[in-house]
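Reading the structure
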Amino acid sequence: MSCALCDSDNLDLISTKDAKSNVPLNVVFCSHCGLVQQETIPTQEELRQYYSHEYRVEYKSTCSPKSKHVFRAAASALKRLAFLNSMESVSFGKLLDVGAGGGEFVYLAGRAGYDAEGIEPNVGYSDYAREEYGCRIEQGELYQITGQYDVITMFHVMEHLPSPLAAFQRAFESLNENGLFFVEVPWIESNDASPNNIFFKAHLFYFAVATLAACASQWFDVERVDTTSNLRVLFRRKLTPGELQLPDEQQVRAIRARLDAKGWGEYLVQGGGIWGPLRKTARAIAESSVRNQSGRRILDDAFLKRAG
């Protein structure tokens, strides 16, 4: 067993169970580069089977999006579009959303002016996207894409893949010159996650700003970073591949210090966890307003409200 970023075997065990199921799950911290990952990474074939048929049912208890899922996805998609479009140099060209889910981002990106399409491993969700929105979404994975794009987006996908380095290389190969790669992942340095709700079977890697940038460093430069809650990074494709740039010792120590500092006091006070029940109630009330509405209507209403 070695680190997927730097190949070091200097790994410290930091967790031994899955937060959702309490089954054994060893998670390790690389003392050389700061990457956090599962001790044992599943094979590509094991992951393909899991995400094509099992993952959505296990984590969302459904084979296709419910109205509340579409409502949440619409809000997230519009925020992501605003972040992407805040770049003065962004081009409204060909966009590929990898791990497109039910197609909400692809549909709204199309309405915003992109020539948007997607790829999604889950059968039920990709079928839903095509039938409900008429989106160009194929059932498949990152490694199966064949086109060339101006923008590639990947929201909460990188942490599920068996090799972040291979994923960044594949994105580099699939982007046009000067293309953008927009990645969003859970942020391991955040203070708004319950200490008992961090490590899961489905998440193979846990990224800090420095380790995500390091995984991309051979093929991309960092354009913009947002850590409001999750970690959002907009990467710019390099003209030619460069050298791997690992986090320095100070960055590695800072990541470990953040992991060690996580606790209930920080989560409840600084992370706002104490307000969690109120936020859940408010969200449930908002979601009740779209119950029984079609996905397309939910997305169209959200888009027009934001435009207005």
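See the structure above.
Structure report, in brief. Values in this document were obtained by computation on a predicted structure and should not be read as measured data.

Rules used in this analysis
- Residues numbered from 1 in each chain as written.
- Predicted model: local features only at pLDDT ≥ 70, side-chain atom pairs only at ≥ 80, totals over all residues.
- Heavy atoms only, no water.
- Axes fitted to C-alpha atoms, helices over the stretch in contact; angles between N-to-C directions.
- Helix = DSSP H or I, 4+ residues; strand = E, 2+ residues; numbered from the N terminus.
- Parallel < 35°, antiparallel > 145°, perpendicular 65-115°, else oblique.
- Contact = heavy atoms within 4.5 Å.
- Core = buried A, V, L, I, M, F, W, Y, C linked by side-chain atoms within 4.5 Å.
- Buried < 20%, exposed > 50% of the residue type's maximum accessible area, 1.4 Å probe, protein only.
- Expected span 1.5 Å × (residues − 1).
- Pairing = 2+ DSSP bridges.
- Salt bridge = Lys/Arg side-chain N within 4 Å of Asp/Glu carboxyl O.
- Left-handed = near helix turned anticlockwise from the far one by under 90°.
- Nonpolar A, V, L, I, M, F, W, Y, C, P; charged D, E, K, R; others polar.

**Some points on the packing of helix α2 (residues 67–85) against helix α9 (residues 276–288)**
When two helices pack together, their arrangement is given by the angle between the helix axes and by the axis-to-axis distance. Contact geometry for α2 and α9: axes closest at 9 Å, N-to-C directions at 110°. When the axes of α2 and α9 are compared, the pair comes out roughly perpendicular. Here α2 contributes K68, F71 and R72 to the contact with α9, which in turn contributes R283, A286 and E287.

**As for the nonpolar core**
Core analysis: the biggest nonpolar cluster contains 42 residues, and M158, F168, F181, F207, L212, F220 and F235 have the highest contact counts within it. For this core, the secondary structure elements donating two or more residues are α1 (44–60), β4 (94–98), β7 (149–155), α5 (164–174), β8 (175–185), α6 (209–216) and β11 (231–237). If sequence neighbours within four positions are ignored, F235 has contacts with F168, G179, L180, F181, V183, L212, A213, A216, F220, D221, V222 and E223. Counting 33 residues, the second-largest nonpolar core is a separate cluster that includes V70, Y114, F182 and L299.

**Things to note about helix α10 (residues 295–307)**
Its 13 residues place the ends of α10 18 Å apart at the C-alpha level, agreeing with the 18 Å of an ideal helix rising 1.5 Å per residue. In this structure, the buried residues of α10 make contact with α2, α3 (104–112) and α4 (123–133).

**A short note on the sheet that holds strand β10 (residues 220–226)**
Pairing in this open sheet of 7 strands is mixed, and the strands run β6-β5-β4-β7-β8-β11-β10 from one edge to the other. Looking at strand neighbours, the two that pair on one side only are β6 (137–139) and β10, the edges of this open sheet. Averaged over neighbouring strand pairs, the angle between their axes works out to 20° when direction is ignored. Where β7 meets β8, 6 bridges bridge the pair, whose relative direction is parallel. Bridge pairing links Y149 to L175 in β8. Taken strand by strand, α4 contacts β5 (115–120) and β6, and its axis lies near 155° from that of β6. Packing against the sheet, α5 makes contact with β7, β8, β10 and β11, and its axis sits at approximately 145° to β8.

**Section: the pattern of salt bridges**
Summed over the entire model, instances satisfying the criterion amount to 16 salt bridges. Here R136 ties to D115 by a salt bridge, and the two come within 2.4 Å at their closest N and O atoms. Separated by 21 residues along the polypeptide, R136 in the loop between α4 and β6 and D115 in strand β5 bring together distant segments of the chain. Looking at R136, the relative accessible area reads 42%, which means it is partly exposed. In this structure, E287 engages R283 in a salt bridge whose closest nitrogen and oxygen atoms are separated by 3.6 Å.

**Examining the environment of Y107**
Among the structural elements, Y107 can be located in helix α3. Separated by 199 residues in the primary sequence, Y107 and R306 place their C-alpha atoms 15 Å from one another. Those residues within four positions of Y107 in sequence are excluded, and the remaining contacts are Y133, C135, R296, L299 and D300.

**Observations regarding the packing of α3 against α10**
Put simply, α3 and α10 touch, their axes get as near as 11 Å, and they point 45° apart. Looking at the two axes, α3 sits oblique to α10. For the pair α3 and α10, the sense of crossing is right-handed. Where α3 approaches α10, its residues E104, Y107, L108, R111 and A112 are matched on the opposing element by R296, L299, D300, F303 and L304. For the contact of α3 with α10, the class distribution of residues is 6 nonpolar, no polar and 4 charged.

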